[in-house]
Amino acid sequence: MSEPLLSVRDLSVAFEGERGRLQAVDGVSFDLAPGEVLALVGESGSGKSVTALTLMGLLAARDARIAGSARYGDGELIGASEGELRKLRGEQLAMVFQDPLSSLNPVVRVADQVAEQILAHRDVSRQQARERAIALLSRVGIPEPEQRADAYPHELSGGMRQRVMIAMALSCEPRILIADEPTTALDVTVQAQILALIRALRAETGAGVLLITHDFGVVAELADRVAVMHAGRIVEHGPVEDVFERPESAHTRRLLAAVPRLDGPLREPRVGDEAPVLALEDVEVGFPVGRRLLRRGGERRRAVDGVTLSIAPGETVGLVGESGSGKSTLARAAVRLLEPTAGSVTFAGRDITRARRRELVPLRAELQIVFQDPYGSLNPRKTARDIVGLPLRLSGLPKAEVGPRVEELLERVGLEPAHADRWPHELSGGQRQRVGIARALALSPRLVVLDEPVSALDVSVQAQILELLDDLQRDLGLAYLFISHDLRVVRQVSDRVAVMRGGRLVELAPAADLYARPQHPYTAELLAAVPVARPVRGRAGTRS
Amino acid sequence: MGQSPWRLALRRLRRDRVALVFGALFVVLVLAALAAPLWASAVADRAPDRTNETGKIEVDGRQVDVVSLDGVPIGPQWRGEYFLGADANGRDVMVRLLYGARNSLLIGLAAALLTALLATMVGLVAGYFGGWVDAVARSTLDVIWAFPVILLGVALGTALAVGGLRIGPLELEAGSMAISIVVIAVVYVPYMARPIRGEVLALREREFVEAAHAQGAGPLRTMASELLPNLTSTIVVFAPLMVANAVLLEAALSFLGVGVVPPDPSWGNMIDSGVESMITAPHLAIAPGLMLVLTVLALNVFGDGVRDAFDPRSSAAWGTRRL
Amino acid sequence: MTGFVVRRLAQMVVVLFAVSVLTFAIFNVIPNGDPAARMAGKSPTESQIEAIRAEWGFDEPLPVQYVRTMEQVLGGSAISYFTQLNVREEILRGLPRTLSLAIGAAILWMAFGVALGLLGAMRAGRASDRLITFVALVGVSLPVFWLGALLSHYLGFKAGWFPNGGYVPLTEDPLGWAYHLVLPCATLAVLFIGFYSRVLRSSVLDTMGEDYVRTARAKGLGERQVLLRHVLRNSLIPIVTLWGLDFGAVVAGGAILTEVVFDLQGVGQYAAESVGQLDVPPVLAVTLFGAFFIVVANTIVDIAYAALDPRIRVT
């Protein structure tokens, strides 16, 4: 290995908070060589992002205690003055953040945001900086850069925005690029493009890349070496093939085992030939375009456009699609939180397409939904007991019986009785999702719509929740409509899989067939974009 | 037992010593107002509207006119009677100040309570139902909003002061304090209802509201048990500031002669009459003014602490001032 | 954009109509509000009242009276019940006084409010921030009419540094005009300085926590540039909108107390005096005029908001 660009030794960061001291980073050491990609991988709270921000000198918290050393060239980053750091930032060390929408200034045109950085570090005129900015936009693959240059961030798509962020980071040809979850906020096809871009740029510029991610798929696609972080420490460190093939630490093995894979085992289909519990027939959901006043019956944007789908008792139908494909709208129409504008929804043999709220109340017990955001779906001002108890109270269960039933439900989803009296902010993400599941189970449903139930969770927690859902299905004979953007998860849990795009179902097939022989080109495209499960040698430039 | 969001906020508030001191100051002022009859009978021995234009009192062993021959009242004294001096009619300023505090604080607190009640109802219903309900509520608020606050207060105050108000069983007599309370409460409703409506709109997008609907909860239950608990911190943050605003507006209306009707004292009408004799007896304007400032300051500092503790990211409550 | 403006204008007309009906109703539906009885002076005879009633048309149905009064108000021919002076001329006489006061105060409060708020945010949590916060809170707690009375008494009457109230037209004596406006403008501005500094402080602190500010730092920009270009540019948006609304409100009667205390004889003072006499035409005219200002300010603010924040584009 050549002389390292960056040499981190015994880096520690602690925060003094309301609830005492929190050791976020605990004695981390690593080197980064020119032209290599080092991935810091770990679950939320493992300290990987704090490490990156500390190296950039961007840790905002005033009560952070930083110790250790990070040598860059002849200088020391830890404890350097703000003035010294400012000269390095953007010039020698550049950073790409997770959410390109919030990371770009909403009221400044994108070319100006790029040019601003060039002006800060190079002795050029405004005009030259702008020309260089446009050249950079073109280099990161933004079509028609002259026109896009004057766009505001919200006018660009998520992938374009992340390209702008990358153009910005590259504008002064940095020696080190720190990419903090650069593709997490993006759809899978866009993610594949951005990963290919970073790979190409790395080869072109010879910069060292420090990649921060929670996704082993991204690691396998991009990294040369991996450092696995857990609770502020690096628990495993080595070349990417070694870590994947021969993980040494128990934590790494657990993480790798939890990662859903496209080549993992399929489940045994559980489809009987009973009448479907839920049948959607040509369902269409439209939203009026523009202002509503005086435009009734006018133009409508169809979020769901003629979807036909049925689910048998005990079956799991997976529904995949990228953001904006209409899958969440379809979920809401299926449980009649929304009224379809056309088509029909039949539940347990009853047409509920136009049923009124009162008519639906008795059916609510059997037709339930679990939401994506385990924080947003729980009322922050209620305890777990009240949340799970709500459907029971609404069903008219005597007060005395609600308490014991709530505890029984919480136990069923793997929570302790002590959790009953906690507020959502006192529960972890996985625990919150368990509360959401307990609420859905309260009145013994026949069908549960799961709207991205594990997307907001860490991979190890995700595996536990998937296992819980599987157990519940076996024991209670539930049918699931499982909605996700993650093709790997859907493959693992579904009997049949439906692919949605632009409000339409483009393909519906048994899981084994769909993944092995996709019929629709879009399905094939999605599958090709899924990150590989294992690192592949000589992969640079294999995708575009 | 877990830590409720309420308890976390209260713990933060308990650590804010400045806010607590000023909160305590407000409590002291309220207690002083409640003790007004006690001071009047036990210390000053003068009723609030008892005049004394020709009497004399003993100061430093000499007999001094309470109101001199050219109409100048005595100033503050180190004694129970006429502690803050007399006014042009020989009435005890301290006693009137304390009785005025009863009026000013009662009107301020009651008006703020009424504002909060109305604004929460309007904001909740408008934000939850949306559509035409929202449109009606919003245009009503817009109309009230479009009225200049003081002008509306003065107009309503004047009109009602002459004739009183009779709407069905509700009857407000001319000259009653209830008129000031209603006027002030109505004037401030849009300032509080708008942010609450906005918050309800945001909360409606949260999945827990959809979750309640998916359990079969109807509009009433959703509003009362899902949305309302999430509005409490906003309401709590607004409360002290609304009281401060109401006390100030009451003083302004009384200053303009459409609030509390003399000889019934309020800080506003005391300042009004005090300003006229600023040259000869400045204490008549300064004393009630200081009381007013102290009260409003106590509420504002305490309110700022409450905001920091309950809802640090909200600055909406600061948009309410349009005096 | 045209659609937006048309819609806003239509909305404006509806709101103004509602305001005028409401104002008219306040003075006419309320019992004992009979203007004829009051205009007739003390102990009038029934026939005198009848005569006045017939002369002014108070015996006609209310909707007719409303339409006639509105015609007069909008046509500029409305006349006060009591002073018999033309309402439009009175308002035009008061307008430059009110506008001078409002503009002067608005400039003062924006400048000082932003300066104090920015200073507070940059020193957040330190002693100087706490001091600024306290001063701002004292500012918002000072009743305008009391502060004005004290300032004009001590700085005007006693110290003789400033004139003791009154107004000099700009065209006659620019220096005297400015000199007479110093105290009123400062008095009116104090309250707004207090709460603008609070709003800006929290707005700046919120913005400083935004991801794009971290990006700006990551780009290696200087602290000054980060603050001006990225923080202030965004946190001024709410302040500028507030400024428009408050300016409208001040012109529309928010300055009543200041005008009364300094005897500026502006529109607000005219309104306050007319209201005291239940003098319907001037009150109706001034209220409409005020509401018009507020609604116009609201509309301008909405448009300005869209210009300042490209995310909100009017359609």
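Presented here is a report on the structure given in the accompanying data block. (Residues numbered from 1 in each chain as written. Chains lettered and ligands numbered in written order. Predicted model: local features only at pLDDT ≥ 70, side-chain atom pairs only at ≥ 80, totals over all residues.)

Examining the overall build of chain C
Inclusion rule: Strands are runs of DSSP state E lasting at least 2 residues, helices are runs of H or I lasting at least 4, and numbering of each runs from the N terminus. Each residue is classified by how many other C-beta atoms fall within 10 Å of its C-beta atom, where C-beta atoms are placed from the backbone; a count of 20 or more means buried, 12 or fewer means exposed, and values in between mean partly exposed. A pair of residues counts as a contact when their C-beta atoms, built from backbone coordinates, are separated by no more than 7 Å.
A tally of helices and strands in chain C yields 13 helices and zero strands. What you see in chain C, going N to C, is helices and strands ordered as α-α-α-α-α-α-α-α-α-α-α-α-α. Dimensions of chain C, computed from C-alpha atoms along their principal axes, come out at roughly 85 × 55 × 40 Å. Evaluated residue by residue, chain C yields a buried proportion of 46% over its 315 residues. A fraction of 73% describes how many contacts in chain C between residues 6 or more apart in sequence connect residues 24 or more apart.

Observations regarding the overall build of chain A
For the record, the criterion: Computation of the radius of gyration draws on C-alpha atoms alone. For the globule rule, the value is 2.2 Å times the number of residues to the power 0.38.
Secondary structure assignment for chain A yields 20 helices and 20 strands. Whereas a compact globule of 544 residues would reach a radius of gyration of roughly 24 Å, chain A reaches 25 Å, a difference of no more than 12%. Its C-alpha atoms give chain A principal-axis dimensions of roughly 75 × 55 × 45 Å. Looking at chain A as a whole, 49% of its 544 residues are labelled buried. Across chain A, the fraction of contacts at a sequence separation of at least 24, relative to all contacts at a separation of at least 6, is 70%.

Let's talk about the packing of helix 11 (residues 250-258) of chain A against helix 17 (residues 459-476) of chain A
All names here are of chain A. Put simply, the rule reads: Fitted lines through C-alpha atoms serve as axes, helices being fitted only where they are in contact, and the angles separating the N-to-C directions of these axes extend from 0 to 180 degrees. These descriptions rest on fixed angle ranges, namely under 35 degrees for roughly parallel, over 145 for roughly antiparallel, 65 to 115 for roughly perpendicular, and the rest for oblique. Whether a crossing is left-handed or right-handed is set by the direction in which the near helix is turned from the far one by less than a right angle, anticlockwise for left-handed and clockwise for right-handed.
Closest axis-to-axis distance for the helix 11/helix 17 pair is 8 Å, and the angle between their directions is 55 degrees. In terms of orientation, helix 11 lies oblique with respect to helix 17. In this structure, the crossing between helix 11 and helix 17 has a hand that is left-handed. Within the contact between the two elements, helix 11 uses Arg254, Leu255 and Ala258 and helix 17 uses Val459, Ser460, Gln462 and Ala463.

Structural notes on the interface of chain B and chain C
Contact with chain B, which involves 40 residues of that partner, is made by 47 residues of chain C. Elements supplying a minimum of two residues to the side of chain B that touches chain C: helix 5 (131-146), helix 6 (149-163), helix 9 (219-255), helix 10 (267-276) and helix 11 (283-310) of chain B. Counting residues per element, the side of chain B that touches chain C draws most heavily on helix 6 of chain B, which supplies 10 residues.

So, the sheet that holds strand 16 (residues 367-370) of chain A
All names here are of chain A. Short version of the rule: At least two DSSP bridges between two strands are needed for those strands to be called paired.
Spatial ordering of the open sheet is given by 16-17-18-13-19-20, a layout of six strands whose pairing is mixed. Of all strands in the sheet, those with a lone pairing partner are strand 16 and strand 20 (504-510), marking the two edges. Going across the sheet, the axis of each strand differs from the next one's by a mean of 15 degrees, ignoring polarity. Of the pairings in the sheet, the one linking strand 13 (residues 316-320) to strand 19 (residues 496-501) comprises four bridges and is parallel in character. Bridge pairing in strand 19 links Leu319 to Ala498.

Some thoughts on the interface of chain C and chain A
Cut-off, in case you're wondering: Ten residue types, Ala, Val, Leu, Ile, Met, Phe, Trp, Tyr, Cys and Pro, are classed as nonpolar, four, Asp, Glu, Lys and Arg, as charged, and the remainder, Gly among them, as polar.
Of the residues lining the interface, 18 residues belong to chain C; the matching set on chain A comes to 24 residues. For the side of chain C that touches chain A, the elements supplying multiple residues, two or more each, are helix 9 (211-218) and helix 10 (223-254) of chain C. The leading source of residues in the side of chain C that touches chain A is helix 9 of chain C, at six residues. Among the residues making up the side of chain C that touches chain A, the classes are represented as four nonpolar, six polar and eight charged.

Some thoughts on unusual backbone geometry
Residues and elements named next belong to chain A. Look at Asp10: it is not a glycine, yet its phi comes out positive at around 50 degrees. Within the element layout of this structure, Asp10 appears in strand 1 (residues 6-17). Phi is positive for Asp282, which is not a glycine, with a value near 50 degrees. Note that Asp282 resides in strand 11 (residues 278-288). Judged by local crowding, Asp282 falls into the exposed class, with 12 C-beta atoms found within 10 Å.

What about the pairing of strand 16 of chain A?
Residue and element names in this part refer to chain A. Neither face of strand 16 is exposed, since Leu367 and Ile369 on one face and Gln368 and Val370 on the opposite face are all buried. Sheet topology note: the strand 16/strand 17 (residues 447-451) ladder contains four bridges and is parallel. The residue of strand 17 that forms the bridge with Gln368 is Val448.

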